[in-house]
Amino acid sequence: MNSYLYKMKKLLFVFFLFYGNVFAQTYIVKDNSSIDQTMFLQKAFDDPNINTVLINAVIIVNGTIKIPQEKILKFEGGKLTGKGTINGGIIEANYHTWIFDTTLTVNPKAVDQYFSVKWFGATGNNIDDYNAIQKSINTCIRNNIRTIFLPAGKYKISKPLIILNSAGSFCTLEMLGESSFWDSNTGSELYPTFTNTFAIGIQNGKGCKIRKLKITGLFSPPNTNDRHKFFNTSFENFIDNICRDSRYSPYAAIVIDPFTNLSTNKMPSDGGYPGLTSYYGMFNGFSTQTGSTGTEIEEMSINNFVVGICSSPNGLTRNAEITIINKIQFENCKLCISGGQDQEKANVISNIYCWGGTHTIFATGLYGGERMAGNWNIDHANIAGAVVRFIYNEQHGYFPTYISHVFAESLGTWGTINSELACEISDCHIDFEYPNVAGEQTLITSWGENIVYRSCNFRYYGENTPMKIEGNCVFEHCYFSGPIVKKSAGMNNLFVFRQPFNKNILLYAVIILAIAVLLFYSIKKKHWNYS
């Protein structure tokens, strides 16, 4: 009997090992929220027979836990709290559950596909989630976890979210939500409660991605109730006197390289982004003013900012090249996309949509350093409602910009594109807002004999009202709904209008040539016969 009881006790000891339970290599931590359980957790992870430690209650960790490689920290309804550190392991948890307090330091080896911002307590319930989201970003970058996930919800943030490597090197991270660029349901939405910095900033990112998010700011476009005033508001006066509109630090949804790198660099003349001066010049690990590369911003909705997407506003950093901006809906922005310096090469903007409350869709040189424009390729845009102009781009002679497949309704003006280089605007259809609404506008300004507009339609729909343009570019196979009026006189203000080569002329030329050849050989033949 005693032998039997001894064996039963031994079995029970194994069964309830370390005050928990072991089921097929899974250790279930005992519910005890009053004591630090660092030691018990570490013993469980050190046990070679245990592969998974399951948390289903509130567990205090104030020490350091080192999880061996390939072992799993799994959560089912519980969470860890305290001021401890958890190093290593694979985290498995529902993306919608709170599993860590932000007072913990977590350095996982891996996660099950994504690291959810809700793991650090973000609610997505229209309360301030800044701490949880920024903690998640820092954790992912520090541990080379590639994707941070924001489940559907409304995330209010009281400070800007910053993607950077605090160790002073490059970083790679994807922020992924559950919205689309044209969403009929509630997706993953960010709401900054401030008006003087940016919602998301990427500093020295390599291959960073921001996808499937809606970001809504607090900028209010002026004169929206008076369309005549709206279309005649200059870019400088398109302000709300609340949101920060400064050359080197505008209020923006997404900023690529907001800060300078080197401590020897002076602060921007406008003082830089308020409250973020400590980030300027903190990257002395770089010997040059490098910048981000390969940033992808896709399937986004961006509303109510001075600048929607702002590249290189700090005035000194370089790179910001191979940026891909795709499937973006803009609304109520002063400027949708801003280029800030001449090294922005092979950047692509595609499938963008803006249906009102906006001054300019794309511009270079209005924010950031006063340098020449970079190389941008814009393809497929749909513009409607109330947009003052499409473009402002002083290219000069460094890199060209190419534009194609723009469809616009009620556009105030096409805007300005000047260049010494060969550049092309093709296959666009532009319907301008009528003069009785917008007033008489200079519809196109293009100085540069190497600028070619090809197969484009420019109309006041249903009217043959004169159309005022300025420059000396080339229009090839283009349609204007009314007579062209040059804004200013002079020999330099000369446009070239070309029509495609008439195929009938080519046919007639071939026929005439054939007849000429036949006559030639006929005469030759007679000459040979006489000989």
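Definitions and cut-offs
- Position labels on residues start from 1 in each chain and follow its written sequence.
- Reporting in this predicted model follows two pLDDT cut-offs: at least 70 for local features of residues, and 80 or more for side-chain atom pairs to be given and counted; totals over whole chains, interfaces and linings ignore these cut-offs and use all residues.
- No hydrogens and no water enter the side-chain calculation; it runs on all heavy atoms of the structure.
- Runs of E in the DSSP output that reach at least two residues are strands. Runs of H or I that reach at least four are helices, and both are numbered from the N terminus.
- The contact criterion used throughout is that any non-hydrogen atoms of two residues lie within 4.5 Å.
- Side-chain atoms alone can form a polar contact between residues adjacent in sequence; in general such a contact is a pair of N or O atoms within 3.5 Å, and within protein one must be able to donate a hydrogen while the other accepts it.
- In plain words, nonpolar cores are sets of buried Ala, Val, Leu, Ile, Met, Phe, Trp, Tyr and Cys residues tied together by side-chain atoms within 4.5 Å.
- The buried label applies to any residue whose accessible area, calculated with a 1.4 Å probe on protein chains only, is under 20% of its type's maximum; exposed applies above 50%, and partly exposed to all values in between.
- When DSSP finds at least two bridges between two strands, those strands are taken to pair.
- Note on ring pairs: Phe, Tyr and Trp rings are taken, using the six-membered ring of Trp, and paired if centres are within 6.5 Å. Classes follow the plane angle, with under 30 degrees stacked, over 60 edge-to-face and the rest tilted.
- A positively charged side chain is recorded as over a ring if its NZ (Lys) or CZ (Arg) lies within 6 Å of the ring centre. The angle to the ring normal must also be within 35 degrees.
- By definition, a salt bridge exists where a carboxyl oxygen of Asp or Glu is found within 4 Å of a side-chain nitrogen of Lys or Arg.

> Can you walk me through the environment of Y114 in this structure?
As for its position among the elements, Y114 is in the loop between β9 (110–111) and β10 (115–116). Separated by 26 residues in sequence, Y114 and C140 have C-alpha atoms that sit 9.6 Å apart. Aside from chain neighbours lying at most four places away, what touches Y114 is Y95, W119, T147, F149 and L176. In terms of polar contacts, Y114 uses its side chain to reach the side chain of Q113, at 3.2 Å.

> How do you make sense of the nonpolar core when you look at a structure like this?
One recurring pattern in soluble globular proteins: nonpolar side chains tend to sit buried together. Counting 134 residues, the largest nonpolar core has F100, I200, F390, W414 and Y453 as the members making the most contacts within it. Broken down by element, the residue count for this core peaks at eight residues, all from strand β21 (residues 296–311). If near-sequence neighbours (up to four positions away) are discounted, W414 is found in contact with R389, F390, I391, I403, V406, I425, I430, F432, L443, I444 and Y453.

> Whenever I open this one, helix α2 (residues 38–46) confuses me. Can you help?
Structural remark: α-helix, 3.6 residues per turn; residues separated by three or four positions point the same way. Three or more residues of α2 are buried, namely T38, F40, L41, Q42, A44 and F45. The inward-facing, buried residues of α2 abut β2 (26–28), β3 (52–55), β4 (58–60) and β5 (64–75).

> Help me understand the environment of I254, please; the structure alone is not making it clear to me.
Note that I254 resides in strand β20 (residues 252–256). A relative accessible area of 0% means that I254 is categorised as buried. Separated by 92 residues in sequence, I254 and I162 place their C-alpha atoms 10.0 Å apart. When near neighbours in sequence (up to four residues on either side) are disregarded, I254 contacts I200, I210, I215, I297, M300, I302, G308, I309 and C310.

> Please explain unusual backbone geometry as it appears in this structure.
With the exception of glycine, most residues fall at negative phi, and the peptide bonds are largely trans. Not every positive phi belongs to a glycine, and N319 is a case in point at roughly 60 degrees. Examined against the element boundaries, N319 turns out to sit in the loop between β21 and β22 (324–339). A positive phi is found at K327, a non-glycine position, where the angle reads about 55 degrees. Relative to the helices and strands, K327 is located in strand β22.

> Mind showing me how you'd approach the pairing of strand β25 (residues 376–383) here?
Within a regular strand, the side chains alternate between the two sheet faces. Where strand β23 (residues 347–354) lies against β25, seven bridges are found, and the strand directions are parallel. Residue pairing for β25: N347 is matched across the bridge by W376. Inspection of the sheet shows β25 paired to strand β27 (residues 401–419) by seven bridges, in the parallel sense. When the sheet's bridge partners are listed, I378 is paired in β27 with I403.

> Looking at this structure, I do not really get the packing of aromatic side chains. What am I missing?
Given two aromatic rings, one states the distance between the centres and the angle between the planes to describe the pair. Tallied over the full model, the rule gives 31 aromatic pairs. Aromatic side chains F75 and F100 sit 5.4 Å apart centroid to centroid with 80 degrees between the ring planes, which places their arrangement in the edge-to-face category. Residue F75 is found in strand β5, and its partner F100 is found in the loop between β7 (85–92) and β8 (105–107); the two are separated by 25 residues along the sequence. With a relative accessible area of 6%, F75 lands in the buried category. Its relative accessible area of 0% is what places F100 among the buried residues. Three or more aromatic residues joined by ring pairs make a cluster, and in this case those are F75, Y95, F100, Y114, F115, W119, F120 and F149. The positively charged end of K79 is found above the aromatic ring belonging to W98, 3.3 Å away from the centroid. Directly above the aromatic system of F235 lies the positively charged group of K334, at a separation of 4.3 Å from the ring centroid.

> Even after reading the chapter, I still don't get the pattern of salt bridges, so can you show me in this structure?
Where charged atoms from two side chains of opposite charge come close, those side chains can pair. All told, the structure shown has 13 salt bridges when counted by the stated rule. A salt bridge links K334 to D245; its shortest N-O distance comes to 2.5 Å. Here K334 is found in strand β22, whereas its partner D245 is found in the loop between α4 (227–231) and β20, with 89 residues between them in sequence. Judged by its relative accessible area of 2%, K334 is buried. Between D342 and R318 there is a salt bridge, with the nearest N and O atoms lying 2.8 Å from each other. With D342 in the loop between β22 and β23 and R318 in the loop between β21 and β22, this residue pair connects regions lying 24 residues apart in the sequence. Using a relative accessible area of 8% as the deciding quantity, one classes D342 as buried. For R318, a relative accessible area of 25% gives the class partly exposed.

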